[in-house]
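Given next are the chains, with one letter for each unit.
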Amino acid sequence: MKKLLVVAILALSAVSAFAQVEEGKSYLKVYGGYTNTTSNASDASAKSGFVGGALLEYALGDNVSLGFGANYAKKQINFCSSGYDLDVALNYITVPIIARYYIAGGLSVYTGGELSYLVSDDTKGTGQLADHNKFNVGIPIGVGFEFSHFVLEAQYSASVTGFRKDMDNSDTTNPKIHGFQVTLGYKFSL
């Protein structure tokens, strides 16, 4: 058991030495993946979509960095109840600003804010079709793992603003978009 523990610590420290950022350096991460979006509305069910983009990261220290990026995300939700069945498909350009902390062994956690702009609305179905807000503000919280320039991340994003245009954002019935995404990316040192 002691040998296994020693081998695990050595392996993690080897990955850790490679995966940490270097203070004062910049990095570019290009990524793509899967997103699963739902809403806080009681009649909503999750649907999957695509997310892809790039993030520029600047290392403030060996374990801390700030990132700024842009991505495309197709966020889809189904709203179904008596009288309506709507497949909401919203195409967003999202600008995330994140702070990342590298824990050890290529493992990192991050959070921040994101502003999303609605590029197109492909909502279809039966019932009342609503207009959607052009802007959405959200809070991403995620975890990442880096190995040999590859980055695997899982992120949960919660909207602060409702996405229906015909309802005030302070209205508690205005549905908010929540999503989980998994991405695979490649990180370049600049």
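Computed from a prediction, not measured in an experiment: that's the story for all the values here. (Residues numbered from 1 in each chain as written. Predicted model: local features only at pLDDT ≥ 70, side-chain atom pairs only at ≥ 80, totals over all residues. Heavy atoms only, no water.)

Taken residue by residue, the protein chain gives an average pLDDT of 82. The fraction at 70 or more is 81%. Low confidence marks residues 4–18, where pLDDT is under 50. Its contacts with residues over four positions away, or in another chain, come to 11 contacts. (pLDDT = per-residue confidence, 0-100. Contact = heavy atoms within 4.5 Å.)

With that settled, the discussion passes to the nonpolar core. Counting nine residues, the largest nonpolar core consists of Ala 44, Ile 77, Phe 79, Leu 86, Val 88, Leu 90, Tyr 92, Leu 118 and Ile 177. Among the elements of the structure, strand 3 (64–81) and strand 4 (84–104) are those that each provide at least two residues to this core. Ranked by residue count, the leading element in this core is strand 4, at four residues. (Core = buried A, V, L, I, M, F, W, Y, C linked by side-chain atoms within 4.5 Å. Buried < 20%, exposed > 50% of the residue type's maximum accessible area, 1.4 Å probe, protein only. Helix = DSSP H or I, 4+ residues; strand = E, 2+ residues; numbered from the N terminus.)

Pairing analysis gives 12 bridges linking strand 2 (residues 44–59) to strand 3, with the strands arranged antiparallel. Bridged to Leu 55 within strand 3 is Gly 69. Where strand 3 folds back onto strand 4 in an antiparallel hairpin, the turn is made up of two residues, including Gly 83, whose phi is positive at roughly 100°. (Pairing = 2+ DSSP bridges.)

Our next topic: the pattern of salt bridges. This structure, assessed with the given rule, holds seven salt bridges. One continuous salt-bridge network, built from bridges that share partners, spans Lys 29, Glu 57, Arg 100, Glu 146, Glu 153 and Lys 187. (Salt bridge = Lys/Arg side-chain N within 4 Å of Asp/Glu carboxyl O.)

Mapped onto the elements, Leu 118 comes out in strand 5 (residues 107–121). Note on Leu 118: relative accessible area 4%, which makes it buried. As a C-alpha pair, Leu 118 and Leu 90 span 28 residues in sequence and 6.8 Å in three-dimensional space. The contact partners of Leu 118, leaving out residues within four places of it in the chain, are Leu 90, Asn 91, Tyr 92, His 132, Asn 133 and Lys 134.

This next bit is on the environment of Thr 38. One can find Thr 38 in strand 1 (residues 26–39). Between the C-alpha atoms of Thr 38 and Ile 77, which are 39 residues apart in sequence, the distance is 5.5 Å. For Thr 38, the contacting residues outside a window of four places in its chain are Ala 44, Ser 45, Ala 46, Ile 77, Lys 176, Ile 177 and His 178.

This paragraph deals with the pairing of strand 7 (residues 135–147). Looking down a regular strand, the side chains alternate between one sheet face and the other. The alternating pattern of strand 7 places Asn 136, Gly 138, Pro 140, Gly 142, Gly 144 and Glu 146 on a buried face, while none of Phe 135, Val 137, Ile 139, Ile 141, Val 143, Phe 145 and Phe 147, on the opposite face, is buried. Relative to strand 7, strand 5 runs antiparallel, the two sharing nine bridges. Each bridged residue has a counterpart across the sheet, and for Tyr 110 the counterpart in strand 7 is Gly 142. Bridge analysis of strand 7 against strand 8 (residues 150–159) gives 10 bridges, and the strand direction is antiparallel. Bridging from a neighbouring strand, Gly 142 pairs with Gln 155 of strand 8.

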